[in-house]
Every structure is written in C-alpha cells, then in structure tokens.
Amino acid sequence: METLLYKNTQISYSDSGKGTTIVLLHGFLENKTMWDVYVSELSKKNRIITIDLLGHGETESLGYIQTMEENADVVHEVLSKLRIRKAILVGHSMGGYVALAFAELYPEKMKGLVLLNSTSKEDSSERKKNRDRAIKAVKKDYETFIRLSIANLFSEENREILIKEIEEVKIQALKTPLQGIVASLEGMKIRKDREILLHTNTYPKLLILGKKDPVLNYEDNLEQIKNTDVELVAFPDGHMSSIENQAELLTVLVDFFKGV
C-alpha cells in the first residue's frame, strides 16, 4: 500500500506492473481490494493503479459531500505523483462516475475508458429520492443497510449461488465508515449528466452491462450509446460483473486493452 496527502486527507493506492497504465476505480461500498484477482493477471503486461476513493477502504473521508469531481482530482493527484501522462480508466459503478468526471476535467490524460456496470447519465428524480432514503437508512441502522445493499447488487439466482463471495463483499463494505457512505451518496446524487462525453471523445470506449442488473436497467442504459462508437459487452447477470462474470470480464478487458 502506498499513500499520499490530498487536502490533508490520506489517499491509499497501489501501483504494480509495467506497460500501458490502467487505473481501476471501485464502486460505492467497495475498495481497491475488489480488483485483486484482476491486478495479478493484468499487471503481467500493464502498469495497474488501484485507488481507494474518498471515504472508502484506507482512504479518509473529506467533508460531508464527496463529489465525483473531488474524487477525480484525487485520481489526478495520484497520476501526477507517479508522473503518469496518460491512462486507461476502468470504473465500476460509482468508479465509472468518477472516471467520467476525470475524463471531463482532464481529457488530455485519457487513453481509454471502460464503464463497468455504470452510466454516463445523471440520477433521475426517483433515484435522487432513493439516495436520500439510503442516507436516512444507513444513519438509522448501518449494518443492516450494508448487508441489504450488497445482496441486492447481485442477480437473484446468484444470491443463492455466490453466498461465500457475497459475504466477502459485505465484510469489505463494513469497513466503509458512515461518513464515507453518506458523503458518497450525497456526491452521487448531485453528479451531472456526462453522456456527451460518449459522443464526442475519440479515445476507445467500452460499456459493460449486466442484463439482470438490479441497480441499472439494461434497456435504459443502451440509450446512452446510440449513434456512438462505444463498444458494448453485455453479461447475463447483475451489477457485480467483476464477481458474477469474473473469467469473462478478464478476457474482455485484456482484449480491449490490446486495442488501445
């Protein structure tokens, strides 16, 4: 584990391998350990950076609202410290929102973009209300909120099949402090729509969706890539493709990176 200070806040990251730089960004209630299996494989031919986003893992919280832009600045700070000029960003769920914010703020640093179970669209009004409900729920009963939230990320069938894996995700999620959870929910709620980035930028882009994703409706999310050059890969399961479709996802990522 390596660290740096950003606005008096400790940021935790890892750096391994040599070659094209790939930055792996975890989702809400996750941390950089979600990528461990991928790092061991991908670092054989690439330089892999993983970062604990604000209020997650071993990175401290920063304020009551942690915006996607603030997280993008953290990513930029890590790349600057490591003197990395360009990178491919891979973001799972909230990590995808951060990758898009980074792409908007630092377009010259982008070599490629992968949105994994994520979307360029802003929250709908209903989704914003759900974020507010989530904030109340986690303040009321932290542990129950996390346990229910994690189980609901998987397709219904996989909730029965992947019991051990889901329990491990819950264990990692329970390391996320209350402040980090609330601040991230607030930040996701106010994030802007960045669909334009999928239409205008020329670097390679890949969208990976789950057809039974309980969080992001599959059909709705196809809309954002109409009339774009964004490559689409659809898996048959839920929101946690990194676990539900691990071997297939690794193959898809390796193939994509070869073409960038």
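In short, a report on the structure.

### What about the packing of aromatic side chains?
Counting across every chain of the model gives 3 aromatic pairs. Plain terms: the ring middles of Trp35 and Tyr38 are 6.0 Å apart, the flat faces sit at 80° to each other, and that makes the pair edge-to-face. Tyr38 shares its class with Trp35; the two are buried. Judged by centre distance (6.2 Å) and plane angle (65°), the rings of Phe256 and Phe257 are edge-to-face.

### Side note on the pattern of salt bridges
Tallying each qualifying case throughout the model produces 18 salt bridges. When the shortest N-O distance is used, the salt bridge between Glu41 and Lys44 registers 3.1 Å. A residue is classified by how much of its surface remains accessible, and Glu41, at 37% relative accessible area, is partly exposed. For Lys192, the salt bridge is made with Glu104, and the minimal N-O distance between the two is 3.2 Å. Placement of the pair is Lys192 in the loop between α8 (178–189) and α9 (196–200) and Glu104 in helix α3 (residues 94–105), with a sequence separation of 88 residues. Look at Lys192 and you get partly exposed, because its relative accessible area is 40%. By relative accessible area, Glu104 is classed as partly exposed at 30%. Ionic contacts of the salt-bridge type, sharing partners, join the residues Glu69, Glu104, Lys192 and Arg194 into one network.

### Quick notes on the pairing of strand β3 (residues 20–25)
Of all 6 residues that make up β3, 5 are buried, and the element is covered over most of its length. As judged from the 6 bridges shared by β3 and strand β4 (residues 46–51), these two strands associate in the parallel manner. Counted as the bridge partner of Thr20 is Asn46 from β4. Once you follow β3 into helix α1 (residues 36–42) and on to β4, the crossover reads as right-handed.

### Re α3
Taking 1.5 Å of rise per residue, the 12 residues of α3 would be expected to cover 16 Å, and the 17 Å separating its terminal C-alpha atoms lies within 8% of that figure. The element α3 is extensively covered by neighbouring structure, given that 10 of its 12 residues are classed as buried. Residues of α3 that are buried include every one of Met94, Gly95, Gly96, Tyr97, Val98, Ala99, Leu100, Ala101, Phe102 and Ala103, and no others.

### Examining the packing of helix α5 (residues 142–151) against helix α7 (residues 163–173)
Where α5 meets α7, the axes come as close as 9 Å, and the angle between the chain directions of the two elements is 140°. With respect to α7, the axis of α5 lies oblique. In the crossing of α5 with α7, the sense of the turn from one axis to the other is right-handed. Residues Tyr142, Ile146, Arg147, Ile150 and Ala151 of α5 pack against Ile166, Glu167, Val169, Lys170 and Ala173 of α7. Looking at the contact of α5 with α7, its residues break down into 7 nonpolar, no polar and 3 charged.

### Focus: the nonpolar core
In terms of nonpolar packing, the biggest core is built from 61 residues, with Val23, Leu25, Ile51, Val75 and Ile150 touching the most fellow members. The element contributing the most residues to this core is α3, with 8 residues. If sequence neighbours within four positions are ignored, Val75 has contacts with Val23, Leu25, Ile51, Leu53, Val98 and Phe102. If you look at the next biggest cluster of nonpolar residues, it comprises 22 residues, including Val39, Ile48, Ile88 and Ile208.

### Quick word on the environment of Thr119
Along the chain, Thr119 turns up in the loop between β6 (110–116) and α4 (125–140). Ignoring sequence-local partners within four residues, the contact set of Thr119 consists of Tyr97, Leu100, Arg191, Leu216, Asn221 and Gln224. A distance of 3.0 Å separates the side chain of Thr119 from the backbone nitrogen of Lys121, its partner in a polar contact. A polar atom in the side chain of Thr119 sits 2.9 Å from the side chain of Asn221.

### Thoughts on α7
Those residues of α7 lying buried are Ile166, Val169, Lys170, Gln172 and Ala173. Take α7 and look down its axis: the buried residues cluster within an arc of 160°, on one side only. On its buried face, α7 sits against α5, α6 (156–161) and α11 (241–244).

### Quick word on the layout of surface pockets
Taken as a whole, the largest pocket holds about 560 Å³ of empty space. What lines the largest pocket is a set of 25 residues, and nearest its centre among them are Phe28, Arg127, Ser149, Leu153 and Val215. Tallying contributions element by element places α4 first for the lining of the largest pocket, with 5 residues. When its residues are assigned to classes, the lining of the largest pocket shows 14 nonpolar, 7 polar and 4 charged. The calculated volume of the second largest pocket comes to roughly 330 Å³. Lining the second largest pocket are 15 residues, with Thr33, Met34, Glu168, Val169 and Ile243 positioned closest to its centre. When residues of the lining of the second largest pocket are traced back to their parent elements, those giving at least two are α1, α7 and α11. The element that contributes the greatest number of residues to the lining of the second largest pocket is α7, accounting for 4 residues.

The rules behind each value
Residues numbered from 1 in each chain as written. Predicted model: local features only at pLDDT ≥ 70, side-chain atom pairs only at ≥ 80, totals over all residues. Heavy atoms only, no water. Phe/Tyr/Trp six-rings, centres within 6.5 Å; stacked < 30°, edge-to-face > 60°. Buried < 20%, exposed > 50% of the residue type's maximum accessible area, 1.4 Å probe, protein only. Salt bridge = Lys/Arg side-chain N within 4 Å of Asp/Glu carboxyl O. Helix = DSSP H or I, 4+ residues; strand = E, 2+ residues; numbered from the N terminus. Pairing = 2+ DSSP bridges. Right-handed = clockwise from strand over helix to strand, strands pointing away. Expected span 1.5 Å × (residues − 1). Axes fitted to C-alpha atoms, helices over the stretch in contact; angles between N-to-C directions. Parallel < 35°, antiparallel > 145°, perpendicular 65-115°, else oblique. Left-handed = near helix turned anticlockwise from the far one by under 90°. Contact = heavy atoms within 4.5 Å. Nonpolar A, V, L, I, M, F, W, Y, C, P; charged D, E, K, R; others polar. Core = buried A, V, L, I, M, F, W, Y, C linked by side-chain atoms within 4.5 Å. Polar contact = N/O pair within 3.5 Å; in protein donor to acceptor, adjacent residues only side chain to side chain. Arc of directions from axis to C-beta. 1 Å grid on protein atoms, 1.4 Å probe; cavity = no way out; pocket = protein on both sides within 12 Å on 5 of 7 lines; lining within 4 Å. Points joined across faces, edges and corners; volume = space filled by probe spheres on them.

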